[in-house]
Amino acid sequence: MNAAGKEKLVVEVVAAHNLMPKDGEGSSSPFVEIEFENQRQRTQVKYKDLNPVWNEKLVFHINSAADLPYRTIEANVFNERRSSNSRNFLGKIRVSGSNVGREGEEVAAQLFSLDKRSLFSHVRGEISLKLYLSSREEVVMNNGKNNSGFLMKKSKKQGVNNNGGNHHLGVEHLVGNLQNQQILKQGEQNPGDIKPVVITTGPGPMIPAAGGGGIMRGSGGGGLGVFSTGSTEFSLKETSPHLGGGPSNKDSTYDLVEQMQYLYIRVVKARDISVFGGSELVAEVKLGNYRVITKRVISNSPHWDQVFAFSKDCIQSSIVEIFVKEKDKDDHLGRVWFDLNEVPKRAPPDSQLAPQWYRMEDKKGDKSKVGEVMVSIWFGTQADEAFAEAWHSKAANVHFDGLGSIKSKVYLSPKLWYLRVSIIEAQDIVFGSTMVKYPELSAKIQVGNQVLRTRIASATSNRTFSNPLWNEDLVFVVAEPFEDYLLVSIEDRVAPNREDVLGRMLLPVASIERRLDDKPVNSRWYNLDIHQFNNGSDTKSVTRFGSRIHVRVSLDGGYHVLDESTLYSSDLRPTAKQLWKPNIGVLEMGILGASNLMPMKVKEGKGGATDAYCVAKYGQKWVRTRTVVDSLAPKWNEQYTWEVFDPCTVITIGVFDNSRVDKSTNNANGRDSRIGKVRIRLSTLESDRVYTHSYPLVMLHASGVKKMGELHLAVRFSCANMINVLHSYAMPLLPKMNYVQPLSVNQLDNLRYQAMNVVAARLNRSEPPLGREVVEYMLDHDSHMWSMRKSKANFFRLMNVLSSVIAIGRFVEAIRSWHKPVYSTLFVICFIILVLVPEIIIPFVLVFMALVGIWRFKSRPRYPPHMDTRLSYAEGVYPDELDEEFDSFPTSRSAEIVRMRYDRLRSVAGRIQTVIGDMATQGERFQALLSWRDPRATFLFVILSLVAAFGFYLVPIRWVIALWGLYFLRPPRFRSKLPSKVVTFFKRLPTKADSML
């Protein structure tokens with residue numbers, strides 16, 4: 001068999017792609033096991049890699065090359081679980097011997113899709129193999145060890161471990177992506193959509209890639225290029241900016257930004273200008289290649305009062321000139337110039353530089369015949385008061401209508417209130433004379449654009465249709481100042497899409513009583529206005545005191561009105577300011593700049609460009625930086641401050657592209673494009689520490705996840721009294737009213753949507769307006785929409801949470817196996833001590849948790865959290881799932897695609913249905929213990945309960961637990977492989993599953 005020259009079978013394991021994560025942390029540690037004619041070999045383990053590359057050759061003996069086409073080669077892919085010395089099944093393939101290449105032929109790698117092991121298995125991914133015959137290769141004998149150094153035990157025990165990886169199969173298969181079915185269905189629906197992909201990895205033979213249209217290399221350099229596992233591209237990076245301008249800077253107000261030097265020129269007014277008629281004058285400022293013009297004013301009293309700021313880095317001249325001209329004329333009426341070497345410097349808190357009168361000179365240099373202009377000029381930084389109102393030199397190409405949208409601004413969200421309307425009853429409702437059926441009365445309440453309706457009142461023994469009773473509460477969102485009216489109307493549904501108004505009542509919201517606690521306000525009776533219609537044209541309103549409605553209305557100021565998700569809310573205070581508690585600290589943020597931004601639009605003659613600005617939202621305060629025009633690496637260096645009332649809140653920072661800057665983009669009135677968003681939870685920040693990091697701006701597009709750039713921030717959370725901060729952790733997260741009179745989940749979702757609409761409408765009325773698309777993105781308005789990607793991400797988050805419980809179970813199982821007798825013996829001794837001395841159990845657990853916390857202090861996270869693409873399952877998502885996530889609601893896709901997605905959702909829901917049914921089955925078995933549904937089983941349980949009660953009365957409970965523990969931890973040689981009597985008895989109990997259709 002080992003004679004030289006005899007042919008051997010060589011199986012070269014090249015790589016695998018897109019394997020199923022099995023370690024509970026979103027990854028796997030795969031290896032491949034090849035079996036051929038009772039010979040078994042395996043590759044090395046690739047830890048934490050869903051796209052492993054091996055390039056390993058496994059050599060097998062063959063008895064006869066002629067019989068090879070009638071043999072099969074089986075390859076199994078497993079995930080190694082190091083904690084329990086077991087493995088999970090990831091997939092398998094069976095290859096016929098007819099696919100094996102002959103010696104001397106050029107052999108290409110072959111791509112195989114992984115198959116299931118059983119009907120309930122769920123696998124995904126592909127594996128690439130080379131199979132050929134060779135007489136030069138030798139079989140590597142490793143004395144019973146595999147390539148990774150572990151013993152190869154071909155025993156039943158190994159089979160138990162293999163199956164052990166499927167203990168949680170019922171949960172894991174819930175979020176299966178049905179990859180093979182999706183690809184087949186997409187190909188059937190639109191074969192042209194399956195495009196070839198070229199995958200290059202360096203030298204090596206070319207083989208067909210998935211889909212049949214592409215190629216990839218089977219061996220050589222650095223692994224399959226498309227099988228990427230992510231890199232530091234989406235990671236957080238620490239930066240070292242030069243904050244505050246150095247130690248010599250005395251201005252501590254702006255110590256979280258880099259100093260930016262500007263030349264400020266304020267042109268105030270002019271006098272003694274001799275012009276003919278009532279023409280309009282302008283002032284022109286010229287500095288090197290920069291030329292800016294003020295607004296037009298009447299020549300009788302020319303007053304501009306405009307500030308211009310020129311970045312010192314862009315100054316290419318030593319003088320600055322100011323001209324006064326008539327509009328639309330090139331010749332100037334007067335000129336004044338300044339030497340920049342003589343311009344003073346100013347830094348806050350110095351007072352502003354007072355403007356002075358300067359006599360202008362004409363074209364000949366004569367100053368006796370021209371008037372004067374009032375100007376102030378100085379060098380300063382972005383901390384200057386004039387910075388916000390100044391026109392910046394980098395905005396030279398911005399059209400006039402877009403100038404207002406490039407300035408930095410601070411916005412305040414309107415104060416939101418919950419308006420509670422309790423519709424109790426109505427009396428003496430007058431119906432029309434043509435009523436032919438029983439009335440269906442309901443109350444319709446409208447506040448602004450919000451409309452809600454009560455249920456239809458029904459007649460009872462002591463109530464008639466003329467006196468309907470509802471006793472129903474409806475809640476709305478209103479904002480100060482209160483400009484809306486509350487409209488309550490009684491309507492009778494006479495047809496499926498038609499209601500007749502039988503009366504209405506109008507009430508100004510500003511006149512409604514406010515309350516701060518759960519004490520109900522007094523209810524009132526309001527007269528209804530009856531509308532009578534004559535021939536559908538003339539309408540008159542008559543007040544009849546006989547028809548009235550009983551209503552209780554109040555503005556609830558004790559609630560916190562949610563306009564963003566509670567998972568990352570920035571404000572948790574109640575509406576009423578009287579209920580606010582003192583602030584516990586201050587949050588300071590320096591928005592330094594961005595780098596490597598993606599071009600968001602195409603400008604004429606310039607190619608790709610981005611006009612970026614940044615928006616930060618915390619509490620009621622929104623800040624917007626100025627727009628840096630036509631730059632992929634903008635520098636803002638603006639610092640803002642917020643009061644903090646709760647440390648467990650989140651600040652959100654978003655970057656957008658300004659669509660109102662350039663008319664040439666044909667999007668002057670369009671929507672601002674999203675570039676990315678960052679969230680920072682304040683409780684993860686150490687007090688008084690300055691965090692300077694570069695945050696990746698990650699966006700999920702229909703084509704996949706994409707890095708749009710990096711945002712550079714400097715953040716500091718300061719607290720004056722640490723006792724107050726620690727005390728806040730013991731306080732309720734929301735105000736008292738949210739718990740005393742809680743709102744339902746459906747109400748909260750609807751009210752949050754209404755609150756977002758109110759905030760967006762108010763901020764859109766500001767100048768410059770903060771667009772609705774910006775507010776929606778910052779408030780994460782579409783977080784409730786269905787997404788297969790989010791479902792998978794949440795599943796893996798849950799598995800990560802349960803991984804510690806699973807690890808404890810594996811540890812106990814390893815102790816029970818007695819593979820390491822010393823550890824098992826020590827565990828049994830500790831268990832007996834704890835059972836016999838139970839008073840030390842709780843102190844022992846608490847001390848252990850404290851020691852673990854102290855031990856982990858040195859490895860605590862030093863960086864704030866950021867958008868994690870792996871946690872969001874954004875890197876491994878499929879195109880069809882992304883297309884579904886970005887689909888509109890209701891859908892705009894074709895019927896075939898919707899049917900395919902519906903079938904996929906039915907498959908997932910069917911698995912959920914099965915798991916829920918299994919859980920219900922186990923619960924029904926518990927109920928069957930005493931239900932006498934199975935009289936013999938209940939009889940046995942009752943008798944055993946009486947015997948057990950007598951035994952527990954005689955034997956102390958600690959001895960019972962000790963004996964049970966010893967029995968449970970007994971060595972395997974004393975255990976039977978059959979299930980225990982208790983489990984057998986429990987599984988025999990009846991359920992209601994056999995009564996279901």
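Here's a quick rundown of the structure. Since the model is a prediction, treat every value here as computed from it, not as a measurement. (Residues numbered from 1 in each chain as written. Predicted model: local features only at pLDDT ≥ 70, side-chain atom pairs only at ≥ 80, totals over all residues. Heavy atoms only, no water.)

### Quick notes on the pairing of strand β38 (residues 635–644)
Then comes step 1: Within β38, seven of the 10 residues are buried, which leaves it mostly tucked inside the rest of the structure.
Then comes step 2: Across eight bridges, the pairing between strand β33 (residues 585–595) and β38 is antiparallel. Bridge assignment links G585 to a residue of β38, and that residue is V644. (Buried < 20%, exposed > 50% of the residue type's maximum accessible area, 1.4 Å probe, protein only. Helix = DSSP H or I, 4+ residues; strand = E, 2+ residues; numbered from the N terminus. Pairing = 2+ DSSP bridges.)

### Describing helix α8 (residues 788–817)
Then comes step 1: The sharpest bend along α8 reaches about 40 degrees and sits at L802.
Then comes step 2: Within α8 the residues assigned to the buried category are M788, R789, K792, A793, F795, F796, M799, I806, I815, R816 and S817.
Then comes step 3: Where α8 begins, the side chain of S787 points an oxygen toward the backbone nitrogen of R789, at a separation of 3.3 Å. (Bend = angle between axes of the 7 residues up to and from the residue. Polar contact = N/O pair within 3.5 Å; in protein donor to acceptor, adjacent residues only side chain to side chain.)

### Observations concerning the packing of helix α6 (residues 745–764) against helix α7 (residues 772–779)
Then comes step 1: Two numbers describe how α6 lies on α7: the axes approach to 9 Å, and their chain directions differ by 140 degrees. Relative to α7, the element α6 lies oblique. At the point where α6 passes α7, the crossing takes the right-handed sense. Residue-level contacts link R752, M756, N757, V759, A760, L763 and N764 of α6 to R772, V775, E776 and L779 of α7. (Axes fitted to C-alpha atoms, helices over the stretch in contact; angles between N-to-C directions. Parallel < 35°, antiparallel > 145°, perpendicular 65-115°, else oblique. Left-handed = near helix turned anticlockwise from the far one by under 90°. Contact = heavy atoms within 4.5 Å.)

### Digging into the pairing of strand β37 (residues 621–624)
Then comes step 1: Bridge count between strand β23 (residues 409–412) and β37: four bridges; the pairing is antiparallel. Its bridge partner lying in β37, L412 is registered against K621.
Then comes step 2: In this structure, strand β36 (residues 612–618) lies alongside β37, joined through four bridges in antiparallel fashion. The residue bridging V615 from the neighbouring strand is R624, located in β37.

### Observations concerning the nonpolar core
Side chains of nonpolar character tend, in soluble globular proteins, to be buried together.
Then comes step 1: Within the largest apolar cluster, 63 residues are counted, with the highest numbers of intra-cluster contacts made by W622 and I680.
Then comes step 2: With seven residues, α6 is the largest single contributor of residues to this core.
Then comes step 3: Contact partners of I680, with chain neighbours within four places excluded, come to M589, T649, V650, I651, I653, L685, Y695, L713, V715 and P864. (Core = buried A, V, L, I, M, F, W, Y, C linked by side-chain atoms within 4.5 Å.)

### Some remarks on the packing of helix α9 (residues 821–836) against helix α14 (residues 957–968)
Then comes step 1: Relative to each other, α9 and α14 sit at 165 degrees, their axes nearing to 9 Å. What the angle tells us is that α9 and α14 run roughly antiparallel. Crossing geometry of α9 relative to α14 is assigned as right-handed. Together, V828, F831, I832, V835 and L836 of α9 and R958, W959, I961, A962, G965 and L966 of α14 make up the contact between the two elements.

### A closer look at the pattern of salt bridges
Then comes step 1: Scanning the model with the defined rule gives 54 salt bridges in all.
Then comes step 2: Residue K237 pairs with E710 through a salt bridge whose shortest N-O separation is 3.2 Å. Of this pair, K237 sits in strand β12 (residues 237–238) while E710 sits in strand β42 (residues 704–718), and the two are 473 residues apart along the sequence.
Then comes step 3: Judged by its relative accessible area of 35%, K237 falls in the partly exposed class.
Then comes step 4: Its relative accessible area of 9% is what places E710 among the buried residues.
Then comes step 5: One salt bridge in this structure joins R335 and E321, with 2.8 Å as the shortest N-O distance. Placement of R335 in strand β19 (residues 332–339) and of E321 in strand β18 (residues 319–326) is noted, with a sequence separation of 14 residues between them. Like R335, the residue E321 is buried in the burial classification. (Salt bridge = Lys/Arg side-chain N within 4 Å of Asp/Glu carboxyl O.)

### A look at the sheet that holds strand β21 (residues 372–380)
Then comes step 1: Read across the open sheet, the five strands follow the order β20-β21-β13-β17-β22; overall the sheet is mixed. The open sheet has two edge strands, β20 (356–359) and β22 (391–392), and neither has a second partner.
Then comes step 2: When strand β13 (residues 262–271) meets strand β17 (residues 303–311), the two strands line up antiparallel, connected through seven bridges. Paired with I265 across the strands is F308, a residue of β17.

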